[in-house]
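Chain by chain, the residues run as shown.
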Amino acid sequence: MKNLNNALENLKKNKDSSNLESLKSSLDNLNKAWSEDASKMYDASKKDEKNEDSAKNSTNDKSETKKKKEDEIEDADFEVVD
């Protein structure tokens, strides 16, 4: 994120200059820094999803066992009350 902030500050400094090449260069640097940080955030979100999926799978295993027990047929006696 430091690179992104530095690139943004550099672009802000160069926006008022009359040098078009320095402005383009600053913008390219900002885009490159953003691309790198966005890629890191995407990778981190994928790791989080994998961790959540593994936690859900262990919970699902328990709920499936409980569901199997609930699906079993059990004989019961009952009385009809009028």
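These notes cover the structure that comes with them. Because the structure is predicted, anything quoted here is derived from the model rather than measured.

## Side note on the environment of Ser-17
Part 1: Along the chain, Ser-17 turns up in the loop between helix 1 (2-14) and helix 2 (20-71).
Part 2: Taking the relative accessible area as the measure of exposure, Ser-17 reaches 30% and is therefore partly exposed.
Part 3: Here Asn-14 takes part through its backbone oxygen, which lies 2.9 Å from a polar atom of the side chain of Ser-17.

## Things to note about a negative patch on the surface
Part 1: A surface patch of like charges, here negative, comprises Asp-71, Glu-72, Glu-74, Asp-75 and Asp-77.
Part 2: What makes Asp-71 exposed here is its relative accessible area of 53%.

## Some details on helix 1
Part 1: Taking 1.5 Å per residue as the helical rise, helix 1 with its 13 residues ought to reach 18 Å, and the 18 Å between its terminal C-alpha atoms agrees with that figure.
Part 2: Looking only at helix 1, the buried set comprises Leu-4, Ala-7, Leu-11 and Asn-14. Down the axis of helix 1, the buried side of the element spans an arc of 95 degrees, and every buried residue falls inside it. Exposed residues pointing more than 90 degrees away from the buried face of helix 1 are listed as Lys-2 and Lys-13.

## Quick word on the nonpolar core
Part 1: One finds Leu-4, Ala-7, Leu-11, Leu-30 and Ala-33 forming the largest nonpolar core, which totals 5 residues.
Part 2: Considering every element that reaches this core, the biggest residue donor is helix 1, with 3 residues.
Part 3: If near-sequence neighbours (up to four positions away) are discounted, Leu-4 is found in contact with Leu-30, Ala-33, Trp-34 and Asp-37.

## Observations regarding the side chain of Asp-37
Part 1: Here Asp-37 shows up in helix 2.
Part 2: The contacts of Asp-37, once residues within four sequence positions are left out, are Met-1 and Leu-4.

## As for the pattern of salt bridges
Part 1: Throughout the structure, instances matching the rule amount to 2 salt bridges.
Part 2: In this structure, the salt-bridge partner of Lys-12 is Glu-9, at a minimum N-O distance of 4.0 Å. In this pair, Lys-12 and Glu-9 are both assigned in helix 1, 3 residues apart and thus about one turn of the helix distant.
Part 3: On the accessibility criterion, Glu-9 (41% relative accessible area) is partly exposed.

Parameters and conventions
- Residues numbered from 1 in each chain as written.
- Predicted model: local features only at pLDDT ≥ 70, side-chain atom pairs only at ≥ 80, totals over all residues.
- Heavy atoms only, no water.
- Helix = DSSP H or I, 4+ residues; strand = E, 2+ residues; numbered from the N terminus.
- Buried < 20%, exposed > 50% of the residue type's maximum accessible area, 1.4 Å probe, protein only.
- Polar contact = N/O pair within 3.5 Å; in protein donor to acceptor, adjacent residues only side chain to side chain.
- Patch = residues over 30% accessible without salt bridge, like charges linked within 9 Å, V, L, I, M, F, W, Y side chains within 5 Å.
- Areas by Shrake-Rupley, 256 points an atom, 1.4 Å probe, with all protein chains shown as cover.
- Salt bridge = Lys/Arg side-chain N within 4 Å of Asp/Glu carboxyl O.
- Lys, Arg positive; Asp, Glu negative; His and termini not counted.
- Charge placed at Lys NZ, Arg CZ, Asp CG, Glu CD.
- Expected span 1.5 Å × (residues − 1).
- Arc of directions from axis to C-beta.
- Core = buried A, V, L, I, M, F, W, Y, C linked by side-chain atoms within 4.5 Å.
- Contact = heavy atoms within 4.5 Å.

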